[in-house]
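Residue strings, one per chain:
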Amino acid sequence: MLTRRIIPCLDVRDGLVVKGVRFRDHVTMGAIEDLALRYRDQGADELVFYDITASPQGRSVDRAWVERVARIIDIPFCVAGGIRSVADARDVLNAGADKVSVNSPALERPELIAELASEFGVQCVVVGIDSLRDADGEWRVRQYTGDPAKTRALARRTLDWVQEAQRLGAGEIVLNCMGADGVRGGYDIEQLRAVRTRCRVPLIASGGAGAVEHFIAVFREADVDGALAASVFHGGEIRIPELKARLRAAAIEVRDAA
Amino acid sequence: MKVALIDSGGANIGSVRHALARLGADVVFTDDTETIRAAERVILPGVGAAAPAMAKLRAAGLIETIRTLERPLLGICLGMQLLFESSEEGDVDCLGLLPGRVTKLIESEGVRVPHMGWNRLQPIRPSVLLDGLPEGAQAYFVHSYAAPVGGDCVAACTHGMRFAAVVQRGRVAGAQFHPERSAAVGARILDNFLRAGVA
């Protein structure tokens, strides 16, 4: 049967992998290729690379590192950040990425999702959603989160956007729960469950992983297809082979680790 | 070894090219009949939709080239689906090298479409393509349509319904998953194809 995916996320800035807390104060974690290979060797099921400054700076992803990654790894990877057009996506896919993820540009112009789906097929098109609960209790979408100075709170409800994105042709949704991100207190199960009920395509949880139990909980309780995490992998607190062994012991199907 | 990677209009050719290069193949990405005929191995990749891919092959005059090819041919993902008679995706006639119609995967409770992720191969009969694979080998799938488990199916997979994961009939073979993105399992299958071909 289809296994649940473990997805290290590599935030890329100026050609290096960085990590911040709650999207701020980024520190360098290492070279892109080194981390990509390390996770591949550990048994990661997929990698996501976010060019975190591309969208706020209004530029596209630098395809040179996409090509370097494609050359050395043999697991799927998705590239996000600053993909605003079919041409941008084609560049990244031709450079060797398997999927593209769109976030802020899709909020600016939702038809982008439909254009990408029609050109490359829905399976290539991931829609990333940064979501935060507002004071009135509603989850709403945030835009340009790569740069705190430019981050905007939108009136658009997260649950509505999840449905709209699928209608337009999203083949997968990555839900980044910003309230949980970077603080390692666990995934936002409540929000992910709510989104799961509206999400017929694969759903990837993002934000909050701090311990193996958090992965077990998010698969069991929110029925997500994959779990994305960054700092716990970069810092070495969780190693993927042990994580997968624990998931399997909890009767959650995962791919054999390397 | 000279390998022709057929340009069927989809993007995402880089990963297949790099995987073949890692195995030592000399890869040319082409839509030229003579170049394709001259290659020792031919790969029909494809990410995208069946109808545009068939239109592109037709426009490039490659339908007969592929149908009458004498060298081993491997279709990957959409490229494998194009080997069949027709596809429900866009209700299009395909290459007709293998009998059967490609249909949409059926969504149900807990079965999400696209089928995206790592899933187990279920061997049905021996094939040189599967040589040396560990029992319960897993591969990376990304697709919404699939071919039926017919007489040419050498390994199946299940996502809601059972479908063909690897097919082979004479010189024609296909993998529904992405061997170029299936780590050691995929590399082995590609290497088997490069070394032994199919027959």
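Because the structure is predicted, anything quoted here is derived from the model rather than measured.

**Looking at the nonpolar core**
Inference 1: Counting residues in hydrophobic clusters, the biggest one holds 87 residues, and the most contacted among them are A:L47, A:F49, A:F77, A:F215, A:V218 and A:F233.
Inference 2: A per-element tally of this core places helix α8 (residues 212-222) of chain A first, with seven residues.
Inference 3: Residues B:A19, B:I76, B:A137 and B:V154 belong to the second largest nonpolar core, which totals 37 residues.

**Focus on the interface of chain A and chain B**
Inference 1: The interface is formed by 40 residues belonging to chain A together with 30 residues belonging to chain B.
Inference 2: For the chain A and chain B pair, buried surface summed over both sides reaches about 2,800 Å², with 49% attributable to carbon and sulfur atoms.
Inference 3: Considering only the side of chain A, the residues that lose the most area to chain B are A:L2, A:D74 and A:Q123, jointly responsible for 22% of the buried surface there.
Inference 4: Taken together, the connections running from chain A to chain B amount to five salt bridges.
Inference 5: Here A:D256 ties to B:R120 by a salt bridge, and the two come within 3.9 Å at their closest N and O atoms.
Inference 6: The interface formed by chain A and chain B contains 19 residue pairs in polar contact (both at pLDDT 80 or more).
Inference 7: Looking at the side of chain A that touches chain B, the elements with two or more residues in it are α2 (63-72) and α3 (86-94) of chain A.
Inference 8: It is α2(A) that provides the largest number of residues to the side of chain A that touches chain B, a total of four residues.

**A short note on the layout of surface pockets**
Any empty space left between atoms is shown by rolling a water-sized probe over those atoms.
Inference 1: Size it by volume and the largest pocket reaches roughly 460 Å³.
Inference 2: Lining the largest pocket we find 28 residues, and of these A:V122, A:Q123, B:E89, B:S144 and B:Y145 sit closest to its centre.
Inference 3: Mapped by element, the contributors of at least two residues to the lining of the largest pocket are α5 (111-120) of chain A together with α5 (78-81) and β10 (138-143) of chain B.
Inference 4: At four residues, the largest contribution of residues to the lining of the largest pocket is made by α5(A).

**Remarks on the packing of aromatic side chains**
Inference 1: Enumeration according to the criterion identifies eight aromatic pairs over all chains in this entry.
Inference 2: Aromatic pair B:F141 and B:F177: ring centres 5.5 Å apart, planes at 70 degrees, arrangement edge-to-face. Highlighted residues: B:F141 in strand β10 and B:F177 in the loop between β14 (172-175) and α6 (183-196), separated in sequence by 36 residues.
Inference 3: Grouped by ring-pair contacts, the aromatic residues A:Y39, A:Y187, A:F215 and A:F233 constitute a single cluster.
Inference 4: Its guanidinium or amino end placed over the ring of B:W118, A:R255 lies 3.7 Å from that ring's centre, counting from NZ or CZ.

**A word on unusual backbone geometry**
Inference 1: Between B:V113 and the following residue, B:P114, the backbone shows a cis peptide bond with an omega angle of 5 degrees.
Inference 2: Locating B:P114 in the fold gives a position in the loop between β7 (98-104) and β8 (115-120).
Inference 3: Despite not being glycine, A:A251 shows a phi value in the positive range, around 65 degrees.
Inference 4: When you line up the elements, A:A251 lands in the segment after α10 (240-249).

**Comments concerning α6(B)**
All names here are of chain B.
Inference 1: For α6, spanning 14 residues, the distance from its first C-alpha to its last is 20 Å, which sits close to the expected 20 Å at 1.5 Å a residue.
Inference 2: Among all positions in α6, only A183, V185, G186, I189, L190, D191, N192, F193 and L194 are buried.
Inference 3: Just past α6, the residue G197 takes up positive phi, approximately 65 degrees.

**Overview of the confidence of the model for chain B**
All names here are of chain B.
Inference 1: Averaged over every residue, the pLDDT of chain B is 93; residues scoring 70 or more account for 97%.
Inference 2: Per-residue pLDDT, averaged within each element of chain B, yields its smallest value for helix α1 (residues 14-22) (89) and its largest for strand β12 (residues 153-159) (98).
Inference 3: This complex was scored by the predictor with a pTM of 0.92 and an ipTM of 0.89.

Basis of the calculations
- Residues numbered from 1 in each chain as written.
- Chains lettered and ligands numbered in written order.
- Predicted model: local features only at pLDDT ≥ 70, side-chain atom pairs only at ≥ 80, totals over all residues.
- Heavy atoms only, no water.
- Core = buried A, V, L, I, M, F, W, Y, C linked by side-chain atoms within 4.5 Å.
- Buried < 20%, exposed > 50% of the residue type's maximum accessible area, 1.4 Å probe, protein only.
- Helix = DSSP H or I, 4+ residues; strand = E, 2+ residues; numbered from the N terminus.
- Contact = heavy atoms within 4.5 Å.
- Buried area = accessible area lost by both parts, 1.4 Å probe.
- Salt bridge = Lys/Arg side-chain N within 4 Å of Asp/Glu carboxyl O.
- Polar contact = N/O pair within 3.5 Å; in protein donor to acceptor, adjacent residues only side chain to side chain.
- 1 Å grid on protein atoms, 1.4 Å probe; cavity = no way out; pocket = protein on both sides within 12 Å on 5 of 7 lines; lining within 4 Å.
- Points joined across faces, edges and corners; volume = space filled by probe spheres on them.
- Phe/Tyr/Trp six-rings, centres within 6.5 Å; stacked < 30°, edge-to-face > 60°.
- Lys NZ or Arg CZ within 6 Å of the ring centre and 35° of its normal.
- Expected span 1.5 Å × (residues − 1).
- pLDDT = per-residue confidence, 0-100.

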